[in-house]
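Given next are the chains, with one letter for each unit.
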Amino acid sequence: MVKKLQVVWAIEVVIILVLMVFGTTLNAESLSWITLPFTIISDRLRNLSLMNSIGNLVSIVLYILICASPLLLLRRKTMFEKILLILWSLGLFVSIYLFINPHLISIHGMGVIIQLGLTIFVYSIILDYGIVTLVTRTNRYETNDLLKILGYLLIGVGMYYVSMSLFVIKTIEVEQLASWINQIGILIPSLLGLFIIYKAVKIIDLEVLGETSIKHIEQLSKLASQSLIIMVVVNIGVNLLKLLLISSLENVSFSFNYSLDALLLVIVVMFVSRLMIENSQFI
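Residues numbered from 1 in each chain as written. Predicted model: local features only at pLDDT ≥ 70, side-chain atom pairs only at ≥ 80, totals over all residues. Heavy atoms only, no water.

Asker: Could you give me a rundown of the overall build of the protein chain, with the residues and numbers involved?
Answerer: Helix and strand counts for the protein chain stand at nine helices and zero strands. Moving toward the C terminus, one meets the helices and strands of the protein chain in the order α-α-α-α-α-α-α-α-α. Across the 283 residues that make up the protein chain, the buried fraction comes to 35%. Across the protein chain, the fraction of contacts at a sequence separation of at least 24, relative to all contacts at a separation of at least 6, is 71%. Carbon and sulfur atoms provide 71% of the accessible area of the protein chain, an area that totals close to 17400 Å². (Helix = DSSP H or I, 4+ residues; strand = E, 2+ residues; numbered from the N terminus. Buried < 20%, exposed > 50% of the residue type's maximum accessible area, 1.4 Å probe, protein only. Contact = heavy atoms within 4.5 Å. Areas by Shrake-Rupley, 256 points an atom, 1.4 Å probe, with all protein chains shown as cover.)

Below, the structure is given as C-alpha coordinates:
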(Lines give C-alpha, C1' and ligand atoms only; values in the text may rest on other atoms or scores of the structure.)
Protein backbone atom coordinates (compact mmCIF):
# COMPACT_ATOMS: atom_id res chain seq x y z
CA MET A 1 0.00 0.00 0.00
CA VAL A 2 2.95 2.32 0.63
CA LYS A 3 3.99 1.89 -3.00
CA LYS A 4 0.46 2.81 -4.13
CA LEU A 5 0.59 5.86 -1.87
CA GLN A 6 3.89 6.96 -3.40
CA VAL A 7 2.61 6.45 -6.96
CA VAL A 8 -0.68 8.29 -6.35
CA TRP A 9 1.02 11.25 -4.67
CA ALA A 10 3.70 11.42 -7.39
CA ILE A 11 1.07 11.47 -10.15
CA GLU A 12 -0.87 14.15 -8.28
CA VAL A 13 2.25 16.31 -7.91
CA VAL A 14 2.94 16.06 -11.65
CA ILE A 15 -0.65 16.97 -12.55
CA ILE A 16 -0.72 19.96 -10.20
CA LEU A 17 2.66 21.21 -11.43
CA VAL A 18 1.41 20.98 -15.03
CA LEU A 19 -1.71 22.94 -14.06
CA MET A 20 0.45 25.55 -12.36
CA VAL A 21 2.63 25.95 -15.46
CA PHE A 22 -0.19 26.16 -17.97
CA GLY A 23 -2.73 27.91 -15.78
CA THR A 24 -1.75 30.81 -13.54
CA THR A 25 -5.01 31.06 -11.61
CA LEU A 26 -7.41 28.62 -10.01
CA ASN A 27 -10.93 29.82 -10.81
CA ALA A 28 -14.23 28.51 -12.10
CA GLU A 29 -12.98 28.41 -15.68
CA SER A 30 -9.82 26.46 -14.83
CA LEU A 31 -11.93 23.95 -12.86
CA SER A 32 -14.32 23.28 -15.77
CA TRP A 33 -12.99 19.69 -15.97
CA ILE A 34 -14.84 18.98 -12.74
CA THR A 35 -18.16 19.64 -14.48
CA LEU A 36 -17.17 17.63 -17.59
CA PRO A 37 -19.52 14.63 -16.93
CA PHE A 38 -22.50 16.97 -16.54
CA THR A 39 -21.46 19.02 -19.58
CA ILE A 40 -21.19 15.93 -21.81
CA ILE A 41 -24.52 14.45 -20.68
CA SER A 42 -26.39 17.76 -20.99
CA ASP A 43 -24.92 18.50 -24.44
CA ARG A 44 -25.91 15.06 -25.75
CA LEU A 45 -29.42 15.34 -24.34
CA ARG A 46 -29.82 18.88 -25.72
CA ASN A 47 -28.64 17.88 -29.20
CA LEU A 48 -30.91 14.84 -29.17
CA SER A 49 -33.96 16.90 -28.15
CA LEU A 50 -33.35 19.41 -30.95
CA MET A 51 -33.28 16.75 -33.70
CA ASN A 52 -37.02 16.08 -33.98
CA SER A 53 -40.04 15.13 -31.87
CA ILE A 54 -38.88 11.52 -31.48
CA GLY A 55 -35.42 12.69 -30.44
CA ASN A 56 -37.02 15.05 -27.92
CA LEU A 57 -39.05 12.18 -26.43
CA VAL A 58 -35.97 9.95 -26.23
CA SER A 59 -33.96 12.71 -24.54
CA ILE A 60 -36.68 13.17 -21.92
CA VAL A 61 -36.78 9.42 -21.19
CA LEU A 62 -32.97 9.27 -20.95
CA TYR A 63 -32.96 12.33 -18.70
CA ILE A 64 -35.42 10.69 -16.31
CA LEU A 65 -33.55 7.36 -16.34
CA ILE A 66 -30.16 8.98 -15.66
CA CYS A 67 -31.47 11.14 -12.83
CA ALA A 68 -33.51 8.34 -11.26
CA SER A 69 -30.67 5.78 -11.47
CA PRO A 70 -29.57 6.28 -7.80
CA LEU A 71 -33.05 5.17 -6.71
CA LEU A 72 -32.27 1.69 -8.03
CA LEU A 73 -30.02 1.27 -4.98
CA LEU A 74 -32.81 1.97 -2.44
CA ARG A 75 -33.48 -1.69 -1.66
CA ARG A 76 -32.15 -2.95 1.71
CA LYS A 77 -30.64 0.37 2.73
CA THR A 78 -30.79 2.22 6.04
CA MET A 79 -33.05 5.25 6.34
CA PHE A 80 -30.09 7.66 6.15
CA GLU A 81 -28.75 5.92 3.03
CA LYS A 82 -32.19 6.18 1.41
CA ILE A 83 -32.33 9.91 2.17
CA LEU A 84 -28.90 10.40 0.58
CA LEU A 85 -29.92 8.40 -2.50
CA ILE A 86 -33.06 10.53 -2.90
CA LEU A 87 -30.97 13.71 -2.53
CA TRP A 88 -28.51 12.33 -5.09
CA SER A 89 -31.36 11.76 -7.55
CA LEU A 90 -32.90 15.21 -6.93
CA GLY A 91 -29.47 16.79 -7.30
CA LEU A 92 -29.07 15.14 -10.71
CA PHE A 93 -32.54 16.28 -11.82
CA VAL A 94 -31.82 19.92 -10.96
CA SER A 95 -28.18 20.00 -12.06
CA ILE A 96 -28.58 18.33 -15.46
CA TYR A 97 -31.67 20.42 -16.22
CA LEU A 98 -29.77 23.64 -15.52
CA PHE A 99 -26.80 22.40 -17.55
CA ILE A 100 -29.16 21.72 -20.47
CA ASN A 101 -30.67 25.22 -20.05
CA PRO A 102 -27.69 27.40 -19.00
CA HIS A 103 -29.62 30.62 -19.77
CA LEU A 104 -31.63 30.01 -16.59
CA ILE A 105 -28.54 30.54 -14.40
CA SER A 106 -26.55 33.05 -16.45
CA ILE A 107 -27.10 35.79 -13.86
CA HIS A 108 -24.47 38.54 -13.76
CA GLY A 109 -22.00 36.21 -15.48
CA MET A 110 -22.25 33.68 -12.62
CA GLY A 111 -23.43 30.74 -14.75
CA VAL A 112 -20.11 28.85 -14.71
CA ILE A 113 -19.71 29.30 -10.94
CA ILE A 114 -23.27 28.08 -10.32
CA GLN A 115 -22.65 25.02 -12.52
CA LEU A 116 -19.47 24.31 -10.57
CA GLY A 117 -21.36 24.63 -7.29
CA LEU A 118 -24.10 22.25 -8.47
CA THR A 119 -21.51 19.69 -9.58
CA ILE A 120 -19.63 19.80 -6.27
CA PHE A 121 -22.96 19.49 -4.42
CA VAL A 122 -23.80 16.26 -6.28
CA TYR A 123 -20.26 14.93 -5.81
CA SER A 124 -20.47 15.65 -2.08
CA ILE A 125 -23.70 13.64 -1.81
CA ILE A 126 -22.07 10.71 -3.63
CA LEU A 127 -19.08 10.90 -1.29
CA ASP A 128 -21.31 11.12 1.78
CA TYR A 129 -23.29 8.10 0.58
CA GLY A 130 -20.08 6.13 0.11
CA ILE A 131 -18.85 7.01 3.60
CA VAL A 132 -22.18 6.17 5.26
CA THR A 133 -22.41 2.87 3.37
CA LEU A 134 -18.88 1.98 4.41
CA VAL A 135 -19.54 2.76 8.07
CA THR A 136 -22.86 0.88 8.21
CA ARG A 137 -21.29 -2.23 6.71
CA THR A 138 -18.10 -2.45 8.74
CA ASN A 139 -19.34 -5.59 10.50
CA ARG A 140 -19.25 -7.43 7.16
CA TYR A 141 -15.53 -6.87 6.64
CA GLU A 142 -12.58 -8.78 8.05
CA THR A 143 -10.03 -6.77 10.07
CA ASN A 144 -7.49 -6.82 7.24
CA ASP A 145 -10.12 -5.51 4.80
CA LEU A 146 -10.96 -2.66 7.17
CA LEU A 147 -7.27 -1.81 7.50
CA LYS A 148 -6.92 -1.68 3.71
CA ILE A 149 -9.95 0.61 3.48
CA LEU A 150 -8.44 2.82 6.18
CA GLY A 151 -5.20 2.91 4.20
CA TYR A 152 -6.99 4.07 1.04
CA LEU A 153 -8.84 6.74 3.01
CA LEU A 154 -5.52 7.98 4.40
CA ILE A 155 -4.08 8.08 0.88
CA GLY A 156 -7.06 10.22 -0.14
CA VAL A 157 -6.56 12.58 2.80
CA GLY A 158 -2.90 12.77 1.85
CA MET A 159 -3.85 13.86 -1.66
CA TYR A 160 -5.58 16.85 -0.10
CA TYR A 161 -2.43 17.75 1.84
CA VAL A 162 -0.27 17.35 -1.28
CA SER A 163 -2.44 19.76 -3.26
CA MET A 164 -2.65 22.20 -0.34
CA SER A 165 1.13 22.19 0.10
CA LEU A 166 1.81 22.83 -3.58
CA PHE A 167 -0.75 25.63 -3.87
CA VAL A 168 0.55 27.24 -0.67
CA ILE A 169 4.04 27.24 -2.18
CA LYS A 170 2.67 28.72 -5.40
CA THR A 171 0.96 31.60 -3.60
CA ILE A 172 4.12 32.72 -1.78
CA GLU A 173 5.01 36.22 -2.96
CA VAL A 174 8.77 35.97 -3.25
CA GLU A 175 9.49 39.63 -2.56
CA GLN A 176 7.26 39.91 0.51
CA LEU A 177 8.57 38.62 3.83
CA ALA A 178 5.06 38.63 5.30
CA SER A 179 3.92 36.23 2.60
CA TRP A 180 6.74 33.81 3.41
CA ILE A 181 5.92 33.90 7.12
CA ASN A 182 2.18 33.40 6.59
CA GLN A 183 2.47 30.57 4.06
CA ILE A 184 5.18 28.67 5.92
CA GLY A 185 2.89 28.74 8.97
CA ILE A 186 0.31 26.88 6.85
CA LEU A 187 2.77 24.68 4.97
CA ILE A 188 4.51 23.06 7.96
CA PRO A 189 1.32 21.53 9.49
CA SER A 190 0.35 20.17 6.04
CA LEU A 191 3.76 18.55 5.57
CA LEU A 192 3.55 17.07 9.07
CA GLY A 193 0.14 15.66 8.19
CA LEU A 194 1.63 14.03 5.08
CA PHE A 195 4.48 12.50 7.08
CA ILE A 196 2.11 11.06 9.70
CA ILE A 197 -0.14 9.59 7.00
CA TYR A 198 2.88 7.97 5.37
CA LYS A 199 3.96 6.40 8.68
CA ALA A 200 0.40 5.27 9.45
CA VAL A 201 0.05 3.58 6.05
CA LYS A 202 3.35 1.74 6.65
CA ILE A 203 1.97 0.40 9.94
CA ILE A 204 -1.26 -0.66 8.19
CA ASP A 205 0.86 -2.65 5.72
CA LEU A 206 2.57 -4.37 8.65
CA GLU A 207 -0.79 -5.06 10.32
CA VAL A 208 -2.16 -6.67 7.15
CA LEU A 209 0.95 -8.86 6.90
CA GLY A 210 0.70 -9.71 10.59
CA GLU A 211 4.16 -8.34 11.35
CA THR A 212 3.34 -5.20 13.30
CA SER A 213 4.55 -4.71 16.86
CA ILE A 214 3.72 -2.48 19.80
CA LYS A 215 7.01 -0.69 19.11
CA HIS A 216 5.81 0.60 15.72
CA ILE A 217 2.56 1.87 17.20
CA GLU A 218 4.43 3.59 20.04
CA GLN A 219 6.65 5.31 17.47
CA LEU A 220 3.58 6.57 15.61
CA SER A 221 2.02 7.86 18.84
CA LYS A 222 5.27 9.62 19.75
CA LEU A 223 5.52 11.13 16.25
CA ALA A 224 1.95 12.44 16.48
CA SER A 225 2.66 14.00 19.89
CA GLN A 226 5.83 15.66 18.62
CA SER A 227 4.00 16.97 15.54
CA LEU A 228 1.35 18.51 17.77
CA ILE A 229 4.07 20.34 19.71
CA ILE A 230 5.70 21.51 16.47
CA MET A 231 2.38 22.91 15.21
CA VAL A 232 1.93 24.89 18.43
CA VAL A 233 5.52 26.18 18.30
CA VAL A 234 5.15 27.15 14.63
CA ASN A 235 1.98 29.11 15.38
CA ILE A 236 3.68 31.00 18.22
CA GLY A 237 6.80 31.53 16.12
CA VAL A 238 4.89 32.92 13.14
CA ASN A 239 3.05 35.49 15.23
CA LEU A 240 6.24 36.36 17.17
CA LEU A 241 8.14 36.95 13.91
CA LYS A 242 5.37 39.24 12.71
CA LEU A 243 5.56 41.16 15.97
CA LEU A 244 9.35 41.53 15.82
CA LEU A 245 9.38 42.47 12.13
CA ILE A 246 6.19 44.52 12.12
CA SER A 247 7.96 47.69 11.00
CA SER A 248 9.27 46.02 7.83
CA LEU A 249 6.17 43.98 6.91
CA GLU A 250 3.29 44.98 4.67
CA ASN A 251 -0.30 43.84 5.17
CA VAL A 252 0.60 42.22 8.48
CA SER A 253 -2.14 40.31 10.30
CA PHE A 254 -2.07 38.27 13.47
CA SER A 255 -4.03 35.02 13.49
CA PHE A 256 -4.10 31.41 14.57
CA ASN A 257 -2.12 29.71 11.82
CA TYR A 258 -3.08 26.20 12.81
CA SER A 259 -4.13 23.96 9.94
CA LEU A 260 -7.17 22.65 11.80
CA ASP A 261 -7.57 19.61 9.56
CA ALA A 262 -3.92 18.64 10.09
CA LEU A 263 -4.29 19.30 13.80
CA LEU A 264 -7.36 17.06 13.95
CA LEU A 265 -5.58 14.32 12.02
CA VAL A 266 -2.62 14.39 14.40
CA ILE A 267 -4.86 14.25 17.49
CA VAL A 268 -6.90 11.35 16.06
CA VAL A 269 -3.78 9.36 15.14
CA MET A 270 -2.27 10.05 18.56
CA PHE A 271 -5.33 8.83 20.47
CA VAL A 272 -5.92 5.80 18.21
CA SER A 273 -2.26 4.79 18.59
CA ARG A 274 -2.45 5.04 22.35
CA LEU A 275 -5.69 3.05 22.44
CA MET A 276 -4.02 0.33 20.36
CA ILE A 277 -1.06 0.32 22.75
CA GLU A 278 -3.31 0.04 25.82
CA ASN A 279 -5.40 -2.69 24.17
CA SER A 280 -2.29 -4.69 23.26
CA GLN A 281 -0.92 -4.37 26.81
CA PHE A 282 -4.29 -5.45 28.23
CA ILE A 283 -4.39 -8.54 26.06
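Asker: Before we move on, can you summarise the confidence of the model for the protein chain with the specific residues and values?
Answerer: Counting all residues, the mean pLDDT for the protein chain is 77, and 73% of those residues have values of 70 or more. Contacts from residues 23–30, a stretch scored under 50 in pLDDT, to residues over four places away or in other chains number nine contacts. (pLDDT = per-residue confidence, 0-100.)

Asker: Describe the pattern of salt bridges, listing the residues and the values that go with them.
Answerer: Under the definition given, this model contains one salt bridge. Two residues, Arg-46 and Asp-43, come together in a salt bridge whose shortest N-O distance is 2.8 Å. Within this pair, Arg-46 and its partner Asp-43 are both found in helix H2 (residues 36–49), separated by three residues, close to a single helical turn. The class for Arg-46 is partly exposed, based on a relative accessible area of 23%. (Salt bridge = Lys/Arg side-chain N within 4 Å of Asp/Glu carboxyl O.)

Asker: Summarise H2; cite the residues concerned and give the values.
Answerer: In this model, H2 (14 residues) spans 20 Å end to end at C-alpha, consistent with the 20 Å of a helix rising 1.5 Å per residue. Within the span of H2, buried status applies to Phe-38, Ser-42 and Leu-45. Along the long axis of H2, the arc covered by the buried residues comes to 65°, so they all point the same way. (Expected span 1.5 Å × (residues − 1). Arc of directions from axis to C-beta.)

Asker: An account of helix H4 (residues 79–100) is requested, with residue identities and associated values reported.
Answerer: Compared with the 32 Å implied by 1.5 Å per residue over 22 residues, the 32 Å span of H4 between its first and last C-alpha is a close match. Among all positions in H4, only Glu-81, Leu-84, Leu-85, Trp-88, Ser-89, Gly-91, Leu-92, Ser-95, Ile-96, Leu-98, Phe-99 and Ile-100 are buried.

Asker: Could you give an account of the packing of aromatic side chains, naming the residues involved and the relevant values?
Answerer: How two aromatic rings sit relative to each other is set out by the distance from centre to centre and by the angle between their planes. Within this structure, the stated rule accounts for four aromatic pairs. Arranged with centres 6.1 Å apart and planes meeting at 55°, the rings of Phe-38 and Tyr-123 form a pair that is tilted. Of the two residues, Phe-38 sits in helix H2 while Tyr-123 sits in helix H5 (residues 111–136), which places them 85 residues apart along the sequence. Phe-38 gets classed as buried once you look at its relative accessible area, which sits at 6%. (Phe/Tyr/Trp six-rings, centres within 6.5 Å; stacked < 30°, edge-to-face > 60°.)

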